Every structure is written in C-alpha cells, then in structure tokens.
Amino acid sequence: MLFGRKHKNPIKIVDKEVVDWKYTTCGYCSTGCSIEVGLDKTGKAVSSRGVASADVNRGKLCLKGIFEHELFYSENRGRVPLMRNQYYEDFQEAGWDQTLDRTASEIKRIQDTYGRDAFAIVSTGQIMTEEFYTLGKLARGVLGTNNYDGNTTLCMSSAVSGYKRSFGSDGPPGCYDDFEHTECLLAIGSNLPEQHPIIFWRLKQALEKRKFPVIVVDPRVTMMAQMADIHLPVTPGTDVVLLNSLAHVILDEGLQDREYIESHANGFSEYSELVKEYDPVSASRICGIDEDTIRNVARLYAKANAAMSIWTMGINQSTHGSDGVVGINNLNLITGNVGKLGGTSLSITGQCNAMGTREWSSCSGLPGYRALEHEQDRTDIANFWGIDKEFFPKKRGMFQTDIFPAIETGQIKGLWIIATNPMTSMSDTARIRKTLEKLEFLVVQDAYEDVETNEYSHVYFPAGLWAEKEGCFTNTERRVNLIRNVLPPYADSKPDLWIFNQMEKRFEQGKKITFPETAEGVFEELRQLSKGRMLDYSGMSYDKIEKQRGIQWPCTEGDETGNARLYTDGKFQHEDQKAKLIPLPFVDNNERPDDGYPFWLNSGRVVEHFHTRTRTGKLGNLNKFSPTPYMEMNPDAASELGVEHGSYARLISRRGDAVVMVQLTQRVAPNMVFIPFHFHECVNRLSLGLLDPHSRQPAYKQCSVKIEPVADQSAAAVRNLAARSF
Ligand SMILES: Nc1nc2c(c(=O)[nH]1)N[C@H]1C(S)=C(S)[C@@H](COP(=O)(O)OP(=O)(O)OC[C@H]3O[C@@H](n4cnc5c(=O)[nH]c(N)nc54)[C@H](O)[C@@H]3O)O[C@H]1N2
Ligand SMILES: Nc1nc2c(c(=O)[nH]1)N[C@H]1C(S)=C(S)[C@@H](COP(=O)(O)OP(=O)(O)OC[C@H]3O[C@@H](n4cnc5c(=O)[nH]c(N)nc54)[C@H](O)[C@@H]3O)O[C@H]1N2
Ligand code: SF4
Ligand SMILES: [Mo]
C-alpha cells in the first residue's frame, strides 16, 4: 500500500512571476516581522514572504502577513479628498488644496474663537515614526493644542504609566530572546498564538530546545492557556490581588532576592506591609485562584534562576491596568528579574508602531521620552525647533478618553482623527455617535473612506497605506525596523507625512520651524534628538537598519548593533537611579454580574481579523474565517437559556444591545461570554469602559450583560448583515 498523493493530482503552487522583492516590516501587529513584497514585471504586488535572515520572524509570517500585499488593491480605499458642509449631506470630491485650506481655516476659526485647546487631535499606533514625530511638531509646535493624544490610550497607556511609576521611564526592558534563557514564564492576559503568532512561534522554538514552566493567567481557556502547564482562570479585573498574593508568599517564605532589592529598589517596607494583607486564603476569595495554586506559582517563579512575565490587554484594559503593570514590575523587582537574560517584565505591545508613538509622537509630552512638565525638556525642544519655549504648555493635556467627554460638554469644538476608528473601537457606541455629531468640525484622515468614523466628518483626507510610504516602526522588543516604499500611494491618496507638511505651511507659526520633506530627513532629527539618551537612535541609519533587519534601541553613535535589554546595570530612570516598589491596595470598582445582568462580558481578538476590519474585512482569505459577529458561550449556560449553537442571540447591557451568532464552547465559564471586538455595532454598543485613574485606559474587558434568544432568526441575520457592508 502506498501512502501519499501518488494517485491524486499534485498541488501546484502558481508561479507569481516575481521580478523584484522589496524590504518592509509588517503593518499589523507589534511583533515586527520583516516582509518582502514581490512585484511582477508589470509592477503589481503579487506576493509577500517572510525574511529568513530577520531575527524576529526567521522567514515566518502569520496569516495576516502572508496576504498583506493584497491590501494595495483592497476595496473602498480613499481615492480623493472629500468635503461637505454637514456630516449628513453627501460628500463632494475636492482637491487637496481646497480641503487643506478649509481644514486650516476651520482650525484657526475654532482656536481664535474658543482657545487653542478647543481643537483636538487623536492619532494612532499605525503610522510611521517619522510621521508621528512630524505630527507632534505640528500639534505642539505649530497649532499649540494641548488636547492631542492617540489610540494608544485604548491600548498601551497602562503599560506606559506602570513602567514610568516603577522604573522612571517607559520602554519595555526585555526581548524575544529572553524565552531562550528563562526558567519560568508567566503570561498574564495575553493570547500570543492568536494576537502575536510569531512571538508565540519564538516561544515554541525555545520550548522545543529546553522545557520550562509556562503559567497563563486568563479567565478564558485561550489557545495560550491550552498549551500552558498551569492555567489560572482569574476572576476578571482582579489580577492585582493575585499579584499581591504571589508577592505575599514570596516574602513570607523568604524567597525574595534581598541583595537586588537593597541595591536597586526603594519602598520595600511600605510595599511589604501592604502585601501582608494578601495572604492566599483571603486573596483566593477575590481572585478566584485557590490558595495552593497561588503558593505553587509563587515558589516556581521565585525559585527559578531567571523568570519573566509578559502581559497584554488582559492587564492593560482594566480599571487597575496601571496597577496591574506595577504589580508585575514589583514581582520582578523582588525576585531580581529585570534586565537579566530570561528575567524581565515585558509588555507585549499591540499595533505595529505603538512603540513609535510612545517614543516620538509628543502625545504625552515632547519627543524622545521628554516631558512637558520638565523645564529642560521644553527648552531643548523649543531650541531644536526654533520656537519660544513659552509656546508649550507646562503639563500634558487630555487623554483620548477625556477628549470625547470634553466634546460632549462643549469644551472641544473641532477634532482631527488620524488612522483610528473610534466609532467602532471606543466603548458605548451610541454616546460616541452623539459626541461626534456635536463637533463643529471633524476631519478624518484614513486609508479607507468607508471607515465608520468618516460618516461624521466634514473633511476626509485619503492617506497612503503601509508600504505606499517609507519610514520606521518600533516593535515590542524596541526594534526599529524599516518599511521601504514599495508602491506609490493609491489613486490621489497621499502619505500622512505629506499631509502634515502641507498643513504646517498654512500657519504663520509653521514658518518658524523646518519640516523635512522626506522620511529619511525626519529620521536624522530623531538621531540628533536621541543622542546620549536611553532612547538612543544615533547609531542607526536606514541602510544599516535594512541590513540588520531591524536594530534595537539604545544604539549609540559608533555602535555596530543595538542592545537587546534595558536596565542590565540595575540603574533605573528615577532621579536616584533606583526602581520603586509601590504598594497596590485593591478597590473593586467594576460593573460585576448581578441578578439583572448575570454574565461577564469579555472582549478581545481573533487571529484572522485586525481591529475594526477596515483591512482584514476586505481580504477574502481572512474575512471568510469569521465574517459574522459572534460570541463564545458556555454550552451549559446556553441550554439554560434555550440558546442554540449557530443561532442568533441578543445581548443587553445598561448601555445598549447587540445581536450576535452563538458559538458554544468550553473556552468560557458559564458566567462569561467573549466577543471579538472587530465588528461594528457590536461589543462596544454594550461595553462600559470605566477608566483607569492613572492611565485613563478603558476597562474594555469587564462589564455585565444579560442574554436572550432571538425569536425571529431571519430578521437577526438581516440585521447583522446590515451592520457591516464589507
Ligand atoms: N489577530 C490580531 N492580532 C492583533 C490584533 C488584532 O486586532 N488582531 N491587535 C493588536 C493589538 S493593538 C493589541 S493591543 C494586541 C492585544 O493582544 P491580547 O491582549 O493578547 O488580545 P486580547 O484578545 O485583546 O486579550 C487577551 C486576553 O485577555 C483576557 N482577559 C480578559 N479579562 C482579563 C482579566 O481580567 N485578567 C486577565 N489576566 N486576562 C483577561 C481575555 O480573555 C483575552 O484572552 O493584539 C495585537 N495583535
Ligand atoms: N471592546 C473592545 N474595544 C477595544 C479593544 C478591545 O480589546 N475590546 N481594544 C482596543 C485597542 S487595544 C485598540 S489598539 C483599539 C484599536 O482601534 P482603532 O485604532 O480604532 O482600530 P483600527 O481598525 O486599527 O483603526 C485604524 C485605522 O487606521 C487606518 N489606517 C491604516 N493604516 C493607515 C495609514 O498608514 N494612514 C492612515 N491615515 N490611516 C491608516 C485603518 O484603515 C483604520 O481605519 O481598539 C480598542 N477597542
Ligand atoms: S505576527 Fe504580527 S507582525 Fe508578524 S506577520 Fe503576523 S501580524 Fe504581521
Ligand atoms: Mo491595541
């Protein structure tokens, strides 16, 4: 008997006839895979492949990367600038000059009438670093609005805040190579196999060579939890209690690294006092993890020669997001696991250039991790840009999640939205819609003209996408990588950099500042501004980045390569160079399930879609995996309610309702449902999004709902189709 395909037709891989491969970096997630885009002899992008010599992905790509070249030809890309008087009127096609002039004059009108801060800007984690820096120059140096922020507040704000509180600065200290050295991995609220498939593959590679325990903390049995040695299905929103309790056991049993704490951290006595209250028995009643498991995990972590923690949105998107990050940092400080091979506190970032905006956009301050609150930083940047330092405010302005309520109250009258889609991605859709309707002027700058937020705009700027432009992204492990320009921008769309530069020319204040026209020209400014700082780019150039397939900062002038880790010398960025151990009392302030709304509503992502589906919803090879809004629901809970697998059900929260298809699975507990947030008019109609007090990040993952079967299934199906036109 012969095995194999001998008697069947062999699979034929169609020759795409690529004549040229162009070097880029993936534009979806923060893993930062190096991609080459293949062009055929007509200049059409026909293929994408992973770059074998790139340390990050070593030739691999996930589903999204493999089909990324199809984006160039995807539907509903913005072709030309559009304009209208009121958002409910039809758009008219207009030229760039006309739409830029109108936008500039509306910004001036609003700022003259109501004050500089009455015009706000909300950006993204998905444009190039050079574009971020230029937007920051425009916002801070020319327009002078202090209400300038980005969607990283929905995403990374808690990590930034937690790093600053513990270590004195933002900047993830570890790298993927730490998997090769660690003896224990704790992954909290992070589902790598779906959200960062290639980081996951790096972890699997490390585990194949050498076994070490993997502990996953997630209320859901995610793919990551399925491969874990220990899964802790924590009660939503209570990670801080679990972390305090792990520390309790470590200190109680004397497993801490006394020498490290003494030499490198402050605040031990207040911290250890607080932690005493979180004995495993009391903690288990709040966080839902039994006392023996807490003890076991604490001992495993503390006794490992090197232990590392990674986390993503399960921690950041919580009313205790910033505290959760500090709790993880505390754990790593008391066990001496910062800046060491395999011992780190590594925030897995989200968007392709979430790091670039943190480093250079000036959203939370001034470029290069400088703060508006520091006089020296204000002086340095004012001198570098050639403006009066008094032009800068002395304190950062509103976060994105405070900008929207300020529109409601009339404090903010105009808004510029760049590469983000709050109509789908912010909590309480009905409220966001009302908010956008209140604006005197809204300009939306996006690669796609059918992005939902654009329904409320007065002006639409069509932007170039990903490799239609040139510039850098920084990934999770602080690796700066390059996107070469593969194709010209689609139709009459323009690179974001070009749009910012054109806007600057329309303001008197803009004449004082030089705005380089090319991305590489901007990069030169980043090199100069970062010289000698922790965030040092001065040893990098585009060619060198491409040759090395990405360089990790700090990379000082004269250095051949970058540096894989931060804080290896145990010196931190607080004034006394010590890290801080911070006590974290827990207050339970979430909306929890009750008799009226008995289910936890959890939300997140699936591998085949990216965020609000402006891109993946249009690629057949991705959208076909999940074209319909759905929820994961436990079969026992469903049978009690008479809800069937594959039917539609209605969810109701105190904010609104949504109809989704039911997928029965044991991945969620009977008192929880999980909905991927990618679909418009879906989970964010229901979510509450209470804010973290430090980071202002929304707790997307915790609120409560009730569920009812839908009697008229065909009407539900029609409603769901109407919810999304892709
Ligand atoms: N395919 C794909 N990949 C992506 C993205 C995408 O849209 N699609 N987006 C990118 C971006 S911007 C981001 S931010 C990342 C997000 O990456 P992840 O954070 O890994 O993804 P999520 O699914 O949002 O949430 C992770 C897990 O948090 C868990 N969780 C919920 N509540 C709690 C809690 O109270 N405690 C704990 N410990 N866990 C909890 C959820 O059950 C979920 O499994 O992914 C990036 N990668
Ligand atoms: N319920 C719930 N809500 C969530 C989350 C959750 O887990 N649950 N996660 C939150 C998180 S972590 C995030 S990061 C946000 C993401 O939320 P959004 O930022 O609103 O989502 P995206 O779909 O990524 O929006 C990016 C937009 O930029 C456009 N774009 C892409 N490239 C370019 C470019 O080069 N230039 C320009 N001008 N436009 C471009 C895309 O077409 C798209 O419209 O959602 C948040 N919302
Ligand atoms: S893992 Fe992330 S960076 Fe890599 S190909 Fe997939 S989406 Fe792109
Ligand atoms: Mo994110």
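Here, the structure is the one placed above.
Anyway, here's the lowdown on the structure attached to this text. (Residues numbered from 1 in each chain as written. Chains lettered and ligands numbered in written order. Predicted model: local features only at pLDDT ≥ 70, side-chain atom pairs only at ≥ 80, totals over all residues. Heavy atoms only, no water.)

A few words on the sheet that holds strand 19 (residues 551-552). Within the open sheet, the three strands sit side by side as 17-18-19. Their pairing is antiparallel. Only two strands of the sheet have a single partner each, and these edge strands are strand 17 (471-474) and strand 19. The sheet contact formed by strand 17 and strand 18 (residues 479-483) spans four bridges and is antiparallel. Bridge pairing in strand 18 places C472 opposite L482. (Pairing = 2+ DSSP bridges. Helix = DSSP H or I, 4+ residues; strand = E, 2+ residues; numbered from the N terminus.)

Let us look at the site of ligand 2. Close to ligand 2 lie 34 residues, the nearest being N151, N421, S425, D446 and T612. Q317 is positioned with one of its side-chain polar atoms (N or O) 3.0 Å from a nitrogen atom of ligand 2. Considered on its own, ligand 2 offers 920 Å² of accessible surface; in the complex 99% of this is hidden by protein. Per-class residue counts for the shell around ligand 2 are 15 nonpolar, 14 polar and five charged. Built from parts of two domains, the shell around ligand 2 gets at least three residues from each of domain 2 (106-155 + 353-472 + 481-518) and domain 4 (599-725). (Near = heavy atom within 4 Å. Polar contact = N/O pair within 3.5 Å; in protein donor to acceptor, adjacent residues only side chain to side chain. Areas by Shrake-Rupley, 256 points an atom, 1.4 Å probe, with all protein chains shown as cover. Nonpolar A, V, L, I, M, F, W, Y, C, P; charged D, E, K, R; others polar. Domains from an automatic or database assignment.)

In the vicinity of ligand 3, the contacting residues are C26, Y28, C29, T31, G32, C33, L61, C62, K64, G65, P197 and I198. Elements represented by at least two residues in the shell around ligand 3 include exactly helix 1 (63-66) and helix 6 (197-209). Here the shell around ligand 3 is built from residues that sort into eight nonpolar, three polar and one charged.

Moving on to the side chain of H264. Considering the arrangement of structural elements, one finds H264 in helix 9 (residues 258-264). Once residues lying within four places of it in the same chain are set aside, the contact partners of H264 are D569, G570, F572, K578 and A579. (Contact = heavy atoms within 4.5 Å.)

This next bit is on the pattern of salt bridges. Inspection of every chain in the model, using the stated rule, returns 48 salt bridges. Among the salt bridges present, the one from D323 reaches R165, with a minimum N-O distance of 3.0 Å. With D323 in helix 14 (residues 321-334) and R165 in helix 4 (residues 157-167), this pair connects stretches of sequence that are 158 residues apart. D323 gets classed as buried once you look at its relative accessible area, which sits at 12%. Where E557 meets R527, a salt bridge forms, and the shortest distance between an N and an O atom there is 3.7 Å. Separated by 30 residues along the polypeptide, E557 in the loop between strand 19 and strand 20 (579-580) and R527 in helix 21 (residues 519-530) bring together distant segments of the chain. Here E557 falls in the partly exposed class, since its relative accessible area comes to 45%. With a relative accessible area of 18%, R527 lands in the buried category. Several salt bridges converge on common partners, so that one network encompasses R433, R650, D657, E681, R685 and E708. (Salt bridge = Lys/Arg side-chain N within 4 Å of Asp/Glu carboxyl O. Buried < 20%, exposed > 50% of the residue type's maximum accessible area, 1.4 Å probe, protein only.)

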